[in-house]
Protein chains: 2
Amino acid sequence: MSADEQHHDPVAPAVAPAWAGPRRKERQPVLSRARIVAAALRLLDAEGMEALSMRKLGAEVGAAGTSLYRHVTGKDEVIELVLDEVCGELVVPAADAPGDWREAVSRSGHNLRAMTLRHPWVASVLGQVGPAHLGPNLMRMSERMLALFQTAGFPASEAAPAMRAVVSYVVGATSGEAAHLSRIARGGLSERNPRALRDEHFDYGLQRILDGLQTRLA
Amino acid sequence: MSADEQHHDPVAPAVAPAWAGPRRKERQPVLSRARIVAAALRLLDAEGMEALSMRKLGAEVGAAGTSLYRHVTGKDEVIELVLDEVCGELVVPAADAPGDWREAVSRSGHNLRAMTLRHPWVASVLGQVGPAHLGPNLMRMSERMLALFQTAGFPASEAAPAMRAVVSYVVGATSGEAAHLSRIARGGLSERNPRALRDEHFDYGLQRILDGLQTRLA
DNA sequence: CGGTCGGTGCGAACGCCGTACGCATCGTGC
DNA sequence: GCACGATGCGTACGGCGTTCGCACCGACCG
């Protein structure tokens, strides 16, 4: 056999392996940024934040851990990329869409919460990193939401603080929930609060914030 | 030399070291839970969450890293303990104190924020762990704050969600600030927002939530 | 007073981590 | 046909959390 598919293995047996036929399995896809963040997302959703290591991530894409560094500067960048990836799932209504601002902001808040509960590791990332350099997806959502407040009639100096208030509440409320879910998933305790009750509590706080913001529009 | 102060060193020289006199330096204070959490708090405040390692913590108390395990089950417990320690700094007014509920809750929120900004690593802990098993200090503060809402006249089913709304906002808003501060401290960028502006934005959101809650008391 | 015995500090070691580096390989443009 | 950049990877380094067994010490019991 030509020694071109088992390149320099120090303990390789001398016999020719039968699978020597197709030069490399299917090297078509190999490595790429997109493939890496997809694998990282799979790993994080399946096993949580502290299960993400460069070696495991390499195995997930079918490569050695150190190969990733050809495409990514390090673990931090992987986390930034995958965070922005899930931010692509966010939905916030356009500012010029029909319907009142309150409904639109409420939906956006629920959507942000739903995304974070789908990917509970997001809470850990936000705690550690904060949006260090917020990616394009997160930036886009941020701007869309700000537009919601601006067209609702909030004065220029208040639109941003108002948006921050809503987002802060959602992030804070959801962090607690996500940590709770992670603990459950990691085999800790059993589900205590039925889902409906958590939903109700979350919406209660969100509506109170919207009540408070609405008084500023009079 | 009596081999009782350099117990079993495989490459020890045969000559008697001169410093054999005072058997151990001053072994008076040695190790204890309190000493360990105090050292951990010092380390965390000085260098942040990811600088906390059992070895460094051991060095901080003047011991080997592995010695800590005689007093503490592991790193997680250290974090739980030190988190509850700083929660002892929290101040929330008594429910039967004079003054309106709104002022009391507002003060409590500002106090919680101030504590977290004094110890920015708290945000990381809340993100990762959530109050896993909330310690006695945190529990005490939680109950005091709940009492504030109950005596304010919130119906029994609303007092807890109302409290959670306020706490969630404060935690969410402060996490972002703390991450920002940590990045600044770690030498990243320069202070961009003056402190006063951040204070103002935080208070804006807090007051809007209180506005919203107040409407429920009519 | 001698002996034993639980509590305590610690060195060594295991397995994992993030990452730097140099080598082998491969596809591609001259 | 060949040189060269891009790419995958084995190796290695330093650090991490944690376990384990040994040395030591004070206290208690005879």
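Residues numbered from 1 in each chain as written. Chains lettered and ligands numbered in written order. Predicted model: local features only at pLDDT ≥ 70, side-chain atom pairs only at ≥ 80, totals over all residues. Heavy atoms only, no water.

Draft legend 1. Structural detail: the relation of the copies chain A and chain B. Rotating chain A by 180° and moving it 0.0 Å along the rotation axis overlays it on chain B with an RMSD of 0.0 Å. These values place the two chain copies in the arrangement generated by a two-fold rotation axis. Of all interface residues in chain A, 100% are interface residues in chain B too; the two copies therefore contact each other through one and the same surface. (Least-squares fit on C-alpha atoms with pLDDT ≥ 70 in both. Contact = heavy atoms within 4.5 Å.)

Draft legend 2. Focus on the interface of chain A and chain B. Across the boundary between the two partners, chain A contributes 30 residues, which contact 30 residues of chain B. Taken together, the two surfaces of chain A and chain B that pack against each other cover about 2400 Å², and 64% of this comes from carbon and sulfur. The tally of links from chain A across to chain B stands at zero salt bridges. Along the contact surface separating chain A from chain B lie two residue pairs in polar contact (both at pLDDT 80 or more). Among the elements of the structure, α5 (121–129), α7 (156–185) and α8 (195–214) of chain A are those that each provide at least two residues to the side of chain A that touches chain B. With 11 residues, α7 of chain A is the single largest residue contributor to the side of chain A that touches chain B. Split by residue class, the side of chain A that touches chain B holds 14 nonpolar, 10 polar and six charged. (Buried area = accessible area lost by both parts, 1.4 Å probe. Salt bridge = Lys/Arg side-chain N within 4 Å of Asp/Glu carboxyl O. Polar contact = N/O pair within 3.5 Å; in protein donor to acceptor, adjacent residues only side chain to side chain. Helix = DSSP H or I, 4+ residues; strand = E, 2+ residues; numbered from the N terminus. Nonpolar A, V, L, I, M, F, W, Y, C, P; charged D, E, K, R; others polar.)

Draft legend 3. Spotlight on the pattern of salt bridges. All names here are of chain A. In the structure shown here, the tally under the stated rule is 22 salt bridges over all chains. One salt bridge in this structure joins Arg 216 and Glu 158, with 2.3 Å as the shortest N-O distance. One end of the pair, Arg 216, is in the segment after α8; the other, Glu 158, is in helix α7, with 58 residues separating them in the sequence. Take Arg 216: its relative accessible area is 37%, and that puts it in the partly exposed class. The class for Glu 158 is buried, based on a relative accessible area of 10%. (Buried < 20%, exposed > 50% of the residue type's maximum accessible area, 1.4 Å probe, protein only.)

Draft legend 4. Region of the structure containing the packing of aromatic side chains. All names here are of chain A. Counted under the stated rule, the structure contains eight aromatic pairs over all chains. Taking 6.1 Å as the distance between ring centres and 50° as the angle between the ring planes, the aromatic pair formed by Trp 101 and Phe 149 counts as tilted. Here Trp 101, found in helix α4 (residues 101–118), pairs with Phe 149, found in helix α6 (residues 136–152); they are 48 residues apart in sequence, far enough to count as distant. Between Trp 101 and Phe 154, the ring centres sit 5.5 Å apart and the planes meet at 85°, which makes this aromatic pair edge-to-face. Of the two residues, Trp 101 is situated in helix α4 and Phe 154 in the loop between α6 and α7; the sequence distance between them amounts to 53 residues. (Phe/Tyr/Trp six-rings, centres within 6.5 Å; stacked < 30°, edge-to-face > 60°.)

Draft legend 5. Broad picture of the confidence of the model for chain A. All names here are of chain A. Per-chain confidence: chain A averages 85 in pLDDT, with 82% of residues scoring 70 or above. The secondary structure element of chain A with the lowest average pLDDT is α5, at 85, and the one with the highest is α4, at 98. Taken together, the stretch residues 1–28 has pLDDT below 50 and engages in 12 contacts with residues farther than four places along the chain or on a different chain. (pLDDT = per-residue confidence, 0-100.)

Draft legend 6. Main features of the side chain of Gln 207 of chain B. Within the secondary structure, Gln 207 of chain B is located in helix α8 (residues 195–214). Excluding residues that lie within four positions of it along the chain, Gln 207 of chain B makes contacts with Arg 102 and Ser 106 of chain B.

Draft legend 7. The packing of helix α1 (residues 33–47) of chain B against helix α3 (residues 75–87) of chain B, seen in detail. Residues and elements named next belong to chain B. At a closest axis distance of 9 Å, the pairing of α1 and α3 adopts a crossing angle of 80°. Here α1 lies roughly perpendicular to α3, going by the angle between them. Across the interface between the two elements, Arg 33, Ile 36, Val 37, Ala 40, Leu 41 and Leu 44 of α1 pack against Glu 77, Val 78, Leu 81, Val 82, Glu 85 and Val 86 of α3. By residue class, the composition of the contact of α1 with α3 is nine nonpolar, no polar and three charged. (Axes fitted to C-alpha atoms, helices over the stretch in contact; angles between N-to-C directions. Parallel < 35°, antiparallel > 145°, perpendicular 65-115°, else oblique.)

Draft legend 8. How the structure looks around the nonpolar core. Residues Phe 149, Val 166 and Leu 213 of chain A together with Phe 149, Val 166 and Leu 213 of chain B are the most contacted members of the largest nonpolar core, which totals 101 residues. For this core, the leading source of residues is helix α7 (residues 156–185) of chain B, giving nine residues. (Core = buried A, V, L, I, M, F, W, Y, C linked by side-chain atoms within 4.5 Å.)

Draft legend 9. Geometry of the packing of α4 of chain A against α6 of chain A. Residue and element names in this part refer to chain A. Direction vectors running N to C along α4 and α6 enclose 165°, while the axes themselves pass 10 Å from each other. Classified by the interaxial angle, the pair formed by α4 and α6 is roughly antiparallel. The chirality of how α4 crosses α6 is left-handed. Of α6, the residues touching α4 (which contributes Trp 101, Ala 104, Val 105 and Ser 108) are Met 145, Leu 148, Phe 149 and Ala 152. In terms of residue class, the contact of α4 with α6 is built from seven nonpolar, one polar and no charged. (Left-handed = near helix turned anticlockwise from the far one by under 90°.)

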